[in-house]
Amino acid sequence: MTTIPRQVRVVEVGPRDGLQNEKTIIPTAAKLRFIELLNTAGFPEIEVTSFVSPKAIPQLADAAEVFPAVAQQPGTRYSVLVPNERGMARAVAAGVAAIAVFTAASESFTRANINMTIAESIAAFRPVVATARAAGMHVRGYISTAFGCPYEGAVAPAQVVRVAAELLALGVDELSIGDTIGVATPNQVTDLVPLLAEQAGLDRLALHFHDTRGTALANVLAALHLGVSTFDSAAGGVGGCPYAPGAAGNLATEDLLYMLHGMGIQTGIDLAAVVRASSYLATIVQRPLTSKYLQAAISARQTDIP
Ligand code: COA
Ligand code: ZN
């Protein structure tokens with residue numbers, strides 16, 4: 001029986017996973033202000049943007065302006081998504097030192113998202129990962145739709161394991177296993193994680209939950225009991241993939257931190273600073289964000305007796 005990790009790495013993906021899914025295009029200056037506020041929270045890693053086709057994701061077309069303008073803090077890794085060699089060249093030109101390549105466990109989603117088969121995506125990543133490794137960059141490999149696909153429904157753990165093996169063979173440093181549409185339940189986590197842990201090692205495994213159906217924290221808890229110690233989340237609970245119909249926000253960073261800190265698990269991240277970043281973002285996207293902790297913090301503030 002694995003004991004629950006005493007320390008957890010929380011990777012903030014709001015500036016990428018969150019902002020890619022907003023209907024309106026957020027001004028570059030507002031993205032930078034959001035990242036600046038996130039920077040005060042002390043994250044070990046922030047996923048800043050994507051060097052993907054601006055036709056696929058117009059929301060992040062300003063990646064080459066955003067990335068170099070981020071005031072990088074010591075102790076924080078600043079990563080970006082890269083789908084192909086074109087994106088890698090743009091990332092290198094912008095001064096990026098950590099990338100993430102991304103494929104999926106289901107063919108239909110991979111086609112919709114990056115217009116490739118899974119095998120083509122692995123072939124496209126081969127030169128990208130080789131360039132990254134030669135430059136000493138950290139490389140993460142995402143596997144989306146690992147617990148369910150918006151087009152195909154159920155996804156077998158064996159399929160995730162197969163894709164994981166291919167990414168590991170390319171030389172990625174870390175796998176992030178995504179519940180892109182937020183369908184996973186804890187028993188699925190319990191089924192899949194041990195297989196991936198055996199393949200990659202627990203310390204190279206991150207889990208990326210969306211909270212579409214309210215199961216994200218339950219899934220985190222199941223994963224903690226299996227020894228997983230890296231989780232992705234987005235400030236305020238923003239997020240989703242425009243090519244995954246029905247996908248709602250990422251697990252909210254505030255909700256994750258509240259649970260972890262309450263359990264005595266250290267993250268090194270300042271929850272109040274995350275609330276400030278989300279509160280700012282809410283004014284930019286002009287809608288209330290879904291994080292339960294954030295909502296509770298806002299209503300407590302409103303009912304404070306002066
Ligand atoms: N950066 C900027 N432009 C790029 C690019 C990149 N990384 N990759 C391709 N392009 C441009 C091409 O130059 C081409 O432009 P043109 O029409 O002006 O000639 C256009 O995008 C299409 O390129 P092509 O190589 O034919 O790719 P595609 O249409 O098959 O799309 C991807 C493949 C991977 C580039 C695209 O699907 C993509 O960027 N997807 C990302 C989706 C995403 O980020 N989802 C959320 C994360 S889960
Ligand atoms: Zn996501």
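Structure first, text after, so check above.
Trainee: In this structure, what is going on with the environment of Phe209? I would like to understand it.
Mentor: Checked against the element boundaries, Phe209 lands in strand β7 (residues 205-209). Along the sequence, Phe209 and Gly42 sit 167 residues apart, while their C-alpha atoms lie 21 Å from each other. Once residues within four sequence positions are removed from consideration, Phe209 is found in contact with Phe147, Asp179, Ala184, Val189, Ala216, Asn219, Val220, Phe231, Asp232, Asn250 and Leu251.

Trainee: So what exactly am I meant to see when it comes to the coordination of the zinc ion (ligand 2) here?
Mentor: Angles between donor atoms at a metal ideally measure 109.5 degrees for a four-coordinate tetrahedral arrangement and either 90 or 180 degrees for a six-coordinate octahedral one. With distances of 1.8 to 2.1 Å, the protein atoms coordinating the zinc ion (ligand 2) are Asp17 (OD), His208 (NE2) and His210 (NE2). By relative accessible area, His210 is classed as buried at 2%.

Trainee: Just to check I follow, could you spell out the state of the cysteines for this structure?
Mentor: Disulfides are covalent bonds that link the sulfur atoms of two cysteine residues. Within the structure shown, the criterion is met by zero disulfides. Lacking any disulfide linkage, Cys149 is separated from the closest cysteine sulfur, that of Cys241, by 11 Å. Classification of Cys149 by relative accessible area gives buried; the value is 4%.

Trainee: Before we go on, may I ask you to explain the site of ligand 1 in this structure?
Mentor: Lining the immediate surroundings of ligand 1 are 21 residues, of which Lys55, Arg86, Arg90, Asn113 and Asn115 lie closest. Interatomic distance of 2.9 Å between a side-chain N/O atom of Asn84 and a nitrogen atom of ligand 1. The contact in question runs from a nitrogen atom of ligand 1 to an N or O atom on the side chain of Asn113, over 2.8 Å. Taking 940 Å² as the accessible area of ligand 1 by itself, protein coverage stands at 68%. If you list the elements that add at least two residues to the shell around ligand 1, you get α4 (85-93) and α5 (107-114). Broken down by element, the residue count for the shell around ligand 1 peaks at three residues, all from α4. When the residues that make up the shell around ligand 1 are grouped by side-chain class, the tally is 11 nonpolar, six polar and four charged.

Conventions and cut-offs
Residues numbered from 1 in each chain as written. Chains lettered and ligands numbered in written order. Predicted model: local features only at pLDDT ≥ 70, side-chain atom pairs only at ≥ 80, totals over all residues. Heavy atoms only, no water. Helix = DSSP H or I, 4+ residues; strand = E, 2+ residues; numbered from the N terminus. Contact = heavy atoms within 4.5 Å. Donors = N, O, S within 2.8 Å, 3.2 Å for Na, K, Ca; no water. Buried < 20%, exposed > 50% of the residue type's maximum accessible area, 1.4 Å probe, protein only. Disulfide = S-S within 2.5 Å. Near = heavy atom within 4 Å. Polar contact = N/O pair within 3.5 Å; in protein donor to acceptor, adjacent residues only side chain to side chain. Areas by Shrake-Rupley, 256 points an atom, 1.4 Å probe, with all protein chains shown as cover. Nonpolar A, V, L, I, M, F, W, Y, C, P; charged D, E, K, R; others polar.

Everything listed here is a matter of coordinates, which is why it stays silent on function.
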